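# A closer look at the structure
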Amino acid sequence: MSAEDRRAGNEARPETFGPEFARRADEIVARYPQPRGALMPLLHLAQDERGYVSLDAERWIAERLGLTPAYVHGVTSFYTMYRTAPAGRHLLQLCTTVSCMLRGCDRVREHIEEKLGIEAGETTADGLFTLVCVECLGSCGTGPVLQVDDDFYEDMDLERVDALLDALRRGERPVPGAGPRRAIVE
Amino acid sequence: MEPVLTRNVGIDGSQTLGVYQARGGYLALRKALGLTPDALVNLVKASGLRGRGGAGFPTGLKWSFMPKDPTPERPNYLVCNADESEPGTFKDRLLIENDPHMLLEGTLIAAYALRAERAFIYIRGEYAYGAKTLIDALREARAAGYVGRDVLGSGWSCEIVIHRGAGAYICGEETALMDSLEGGRGNPRLKPPFPAAHGVYGRPTTINNVETLCCVPFIVERGADWFKAIGPDEKNTGPKLYCLSGHVRRPGVYEAPMGLPLAELIDGFGGGMLRPGRALKAVIPGGSSTPVLRAEECAGLRMDFDALAKAGSMLGSAGCIVMDEGTDMVAVAERVAHFYAHESCGQCTPCREGTGWIEKVIARIRRGGGRPEDLELLDEIAQGMQGTTICPLADAAAMPCRAFVAKFRDEFEHYIERGRPLAAAASGTGA
Ligand SMILES: Cc1cc2nc3c(=O)[nH]c(=O)nc-3n(C[C@H](O)[C@H](O)[C@H](O)COP(=O)(O)O)c2cc1C
Ligand code: SF4
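Residues numbered from 1 in each chain as written. Chains lettered and ligands numbered in written order. Predicted model: local features only at pLDDT ≥ 70, side-chain atom pairs only at ≥ 80, totals over all residues. Heavy atoms only, no water.

## Thoughts on the overall build of chain A
Counting its secondary structure elements, chain A contains eight helices and four strands. Going from the N terminus to the C terminus, chain A shows its helices and strands as α-α-α-α-α-β-α-α-β-β-β-α. Within chain A, the fraction of its 186 residues that count as buried is 54%. In chain A, of all internal contacts separated by at least 6 residues, the share reaching a separation of at least 24 is 64%. Here chain A has roughly 8,200 Å² of accessible surface; of this, 49% comes from carbon and sulfur atoms. (Helix = DSSP H or I, 4+ residues; strand = E, 2+ residues; numbered from the N terminus. Buried < 20%, exposed > 50% of the residue type's maximum accessible area, 1.4 Å probe, protein only. Contact = heavy atoms within 4.5 Å. Areas by Shrake-Rupley, 256 points an atom, 1.4 Å probe, with all protein chains shown as cover.)

## A look at the site of ligand 2
Around ligand 2, a shell composed of 13 residues is seen, among which Cys345(B), Gln347(B), Cys348(B), Cys351(B) and Cys391(B) lie nearest. Residues that form the shell around ligand 2 fall into these classes: nine nonpolar, four polar and no charged. (Near = heavy atom within 4 Å. Nonpolar A, V, L, I, M, F, W, Y, C, P; charged D, E, K, R; others polar.)

## Notes on the interface of chain A and chain B
The interface is formed by 43 residues belonging to chain A together with 62 residues belonging to chain B. Our count for the contact surface shared by chain A and chain B stands at three salt bridges. Here Glu182(B) and Arg36(A) are joined by a salt bridge, their closest N and O atoms 3.6 Å apart. On inspection of chain A and its partner chain B, the count reaches 21 residue pairs in polar contact (both at pLDDT 80 or more). Broken down by secondary-structure element, the contributors of at least two residues to the side of chain A that touches chain B are helix H3 (39-50), helix H5 (69-78), helix H6 (98-102) and helix H7 (105-116) of chain A. Among the residues forming the side of chain A that touches chain B, the class breakdown is 20 nonpolar, 13 polar and ten charged. (Salt bridge = Lys/Arg side-chain N within 4 Å of Asp/Glu carboxyl O. Polar contact = N/O pair within 3.5 Å; in protein donor to acceptor, adjacent residues only side chain to side chain.)

## Regarding the site of ligand 1
Residues and elements named next belong to chain B. Near ligand 1 there are 17 residues, and of these Gly53, Lys62, Asn81, Asn209 and Thr212 occur at the shortest range. Measuring from an oxygen atom of ligand 1, one finds a side-chain N or O atom of Asn208 at 3.1 Å. Protein chains shield 88% of the accessible area of ligand 1, which is 610 Å² for the free molecule. Ranked by residue count, the leading element in the shell around ligand 1 is strand E4 (residues 205-209), at three residues. Of the residues contributing to the shell around ligand 1, the split by class is three nonpolar, eight polar and six charged.

## What to know about the pairing of strand E2 (residues 116-123) of chain B
Looking along a regular strand, one sees side chains alternate from face to face of the sheet. Residues and elements named next belong to chain B. In terms of burial, E2 is largely enclosed, as six of its eight residues are buried. Sheet analysis places strand E1 (residues 76-82) next to E2, joined by seven bridges and oriented parallel. Opposite Asn76, over in E2, you have Ala116 as the bridge partner. Pairing between E2 and strand E3 (residues 159-164): six bridges, direction parallel. Bridge pairing in E3 places Tyr122 opposite His163. Each parallel crossover has a hand, and for E2 linked through helix H7 (residues 128-143) to E3 it is right-handed. (Pairing = 2+ DSSP bridges. Right-handed = clockwise from strand over helix to strand, strands pointing away.)

## Some thoughts on the packing of helix H4 (residues 55-65) of chain A against H5(A)
All names here are of chain A. At their nearest, the axes of H4 and H5 sit 8 Å apart, and the two run at 120 degrees to each other. Along this stretch, H4 crosses H5, giving a crossing that reads as right-handed. Every residue of H5 that contacts H4 at Glu58, Arg59 and Ala62 is listed here: Pro69, Val72, His73 and Thr76. A per-class count over the contact of H4 with H5 returns three nonpolar, two polar and two charged. (Axes fitted to C-alpha atoms, helices over the stretch in contact; angles between N-to-C directions. Left-handed = near helix turned anticlockwise from the far one by under 90°.)

## Remarks on helix H5 (residues 91-98) of chain B
Counting buried positions over the eight residues of H5(B) gives eight, a clear majority of the element. All of the buried residues in H5(B) are Lys91(B), Asp92(B), Arg93(B), Leu94(B), Leu95(B), Ile96(B), Glu97(B) and Asn98(B).

## Some thoughts on the side chain of Glu173(B)
All names here are of chain B. Inspection of the secondary structure assignment puts Glu173 in the loop between E3 and helix H8 (174-181). Despite being buried, Glu173 has no salt bridge partner; Lys191 is the closest side chain of opposite charge, sitting 4.1 Å away. Polar contacts involving the side chain of Glu173 include one to the side chain of Thr175, which spans 2.6 Å. A polar atom in the side chain of Glu173 sits 3.0 Å from the backbone nitrogen of Ala176. (Lys, Arg positive; Asp, Glu negative; His and termini not counted.)

## A word on the sheet that holds strand E3 (residues 146-148) of chain A
Sheet strands associate in pairs through backbone hydrogen bonding, adopting either a parallel or an antiparallel arrangement. Residues and elements named next belong to chain A. A sheet is described by the order of its strands in space; here four strands give the open sequence E2-E1-E3-E4, paired in mixed fashion. For this open sheet the edge positions go to strand E2 (129-134) and strand E4 (151-153), each flanked by a neighbour on one side alone. Shown here is a sheet whose adjacent strand axes are inclined to one another by a mean of 25 degrees, direction ignored. Sheet analysis places E3 next to E4, joined by three bridges and oriented antiparallel. Its bridge partner being in E4, Val148 is matched across the sheet by Asp151. Lying over the sheet, H7 contacts strand E1 (90-95), E2 and E3, oriented at roughly 150 degrees with respect to E1.

## Some thoughts on the pairing of strand E6 (residues 252-257) of chain B
Among the six residues in E6(B), five count as buried, and that is most of the element. Between strand E5 (residues 239-246) of chain B and E6(B), which pair antiparallel in sequence order, lie five residues.

## A word on H3(A)
Three or four residues apart is the spacing at which side chains of an α-helix point the same way, because the helix has 3.6 residues per turn. All names here are of chain A. The end-to-end C-alpha separation of H3 is 17 Å, in line with the 16 Å expected for twelve residues at 1.5 Å each. In terms of burial, H3 is a largely internal element, nine of the twelve residues being buried. Of the residues making up H3, those classed as buried are Leu39, Met40, Pro41, Leu42, Leu43, His44, Leu45, Ala46 and Gln47. Just beyond H3, the residue with positive phi is Gly51, at close to 90 degrees. (Expected span 1.5 Å × (residues − 1).)

## As for the packing of aromatic side chains
Following the criterion strictly, the structure yields 16 aromatic pairs over all chains and no others. Ring centres 5.0 Å apart and planes at 75 degrees place the aromatic pair Phe78(A) and Tyr79(A) in the edge-to-face group. Accessibility expressed as a relative area gives 2% for Tyr79(A), which makes it buried. Look at Tyr79(A) and Tyr82(A): their rings are 6.0 Å apart centre to centre, the planes differ by 80 degrees, and that puts the pair in the edge-to-face class. Among the aromatic residues, those joined into a cluster by ring pairs are Phe17(A), Phe21(A) and Trp60(A). The ring of Tyr127(B) carries Arg124(B) above its face, with NZ or CZ at 5.2 Å from the centroid. (Phe/Tyr/Trp six-rings, centres within 6.5 Å; stacked < 30°, edge-to-face > 60°. Lys NZ or Arg CZ within 6 Å of the ring centre and 35° of its normal.)

## Here we look at the confidence of the model for chain B
Counting all residues, the mean pLDDT for chain B is 96, and 98% of those residues have values of 70 or more. Here the prediction assigns the complex a pTM of 0.96, and the interface score ipTM is 0.95. (pLDDT = per-residue confidence, 0-100.)

## Quick word on the state of the cysteines
All names here are of chain A. Evaluated as defined, the whole model comprises zero disulfides over all chains. Looking at the unpaired Cys100, the closest cysteine sulfur is the one in Cys95, lying at 3.7 Å. Looking at Cys100, the relative accessible area reads 2%, which means it is buried. We note that Cys140 lacks a disulfide partner, and the nearest cysteine sulfur, in Cys136, lies 3.7 Å from it. (Disulfide = S-S within 2.5 Å.)

Structure (structure tokens):
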């Protein structure tokens, strides 16, 4: 999505958060010695609510915390977990850092790309999956690891990837965590 | 060794207050509240505990830098660094997910010793389950009177705030972490001033790693001498979590005394090499920023701060990455370089440009476009990054680069001459 599309999209969608969001925001702000400390948690909250951090969300948060929208956007864009555009229904994040690499994550990546018909960074045509490659997820002992939304699926080999993606397609959610110990993907 | 930090791991309900208390949890906090803050600082000093976050700074000494006269206008803060993002490192996650009350208890005792009435736990954003586990534990601890106003009737109050990061390795660096906690981009600050004088919101702050804080209840409960007796010498004490990954049969987090022989970690705990018939080729001992060691340098090596420094590397976060003889070291070097290029915050030119340049040169070599002068070039770039930047991320990128080139020069040269890896290194980097 280009910056212009994004602006246009945001204008078309009224984005002010409701009273429940405001109440939760107050609760978070109260935890910090200064309101701006609440900026990151509020960005997380907005993203949980909408699936991404829209310009309107940034404006809302800026106003609540007494910051400028430009400052808030500077923070949003610094962190890789904040998205400024919607992702697919499921965000697949594959770790491609050293330990996962030694355990075969490159093969896993090729397999997912082939299976979904997309490259890392893209979303499937049905809007179901977005695949991205990420840096170390802290699962090095059970790599390769694939994070699906908030859940870690570990020890991923090609069969486990197939089973997982097929289940997600059916609307099921396999139990996250490590798999049975297995031989390396050769 | 009897498990200490991992003693509750694998026990049903280990995350709950009930199980934690049934196994002696929070007795150390009660004991600590009966001591003065100064006595606690001295106890931790006497234990020889050194920080488990990477640099190995003596914890008691760090604590002693904090002002003794905080006021409501100028309070002291404690921050627990649960950002854990160094490749090869996954020990803090184990502690947080399996034994959150141990971390809360360590945090509370440390906060009391530091005269802090507010502590922050900064947990990396990706650890959503860990954050949830901590939040649930915090709710239980508050209801039981361990957190909040007038902790256990001691007159001392303490609030704990759990703060989630959002995907930035640099936020593990303590000054970047503070900026992030204040609601900013994670840009490291120049030191001095040090956090003990000017930390979060400009207030005196101490930052400690998760594993460091988890050692504290045991020191209070069992004494400094008990802690000191674990480990090879006075400067390397206590139980330690070692992270083992790569080409071993049983990767994982293992607890053993500080100074564990590397061979015991790989062959004993790790069950030896993953693929039968393949010999050990190299080890990155302490997370991907620590210089790689060739197999022959590993003979008789112990995993502690001083032994690894003597061997020309570092204990770092004890994230031990094992590679067998099928490993393409140029490919590994490229992946490591990519990480630091991706994670540079961009404030300092030598780091912003240098990390990206190193990655580009190694990538070019791997694609077959290497030039004979490239290896000198890599060394020059790396040299120009060391000691010239605001924070140590530039060194964290430069050190492994120089070590890979110096120790596996033949593999780089082969790529440069033939455009492909040495035959022996051609298979099974997992790539
Ligand atoms: C680039 C960089 C990343 C770091 N990442 C972490 C981290 O993820 N966790 C951590 O505890 N320390 C990390 N550190 C070290 C911290 O700056 C700090 O030294 C440490 O948290 C202090 O705790 P300790 O004294 O208990 O070891 C990092 C340092 C640098 C330079
Ligand atoms: S050394 Fe790199 S990461 Fe550290 S402050 Fe400078 S640019 Fe940022």
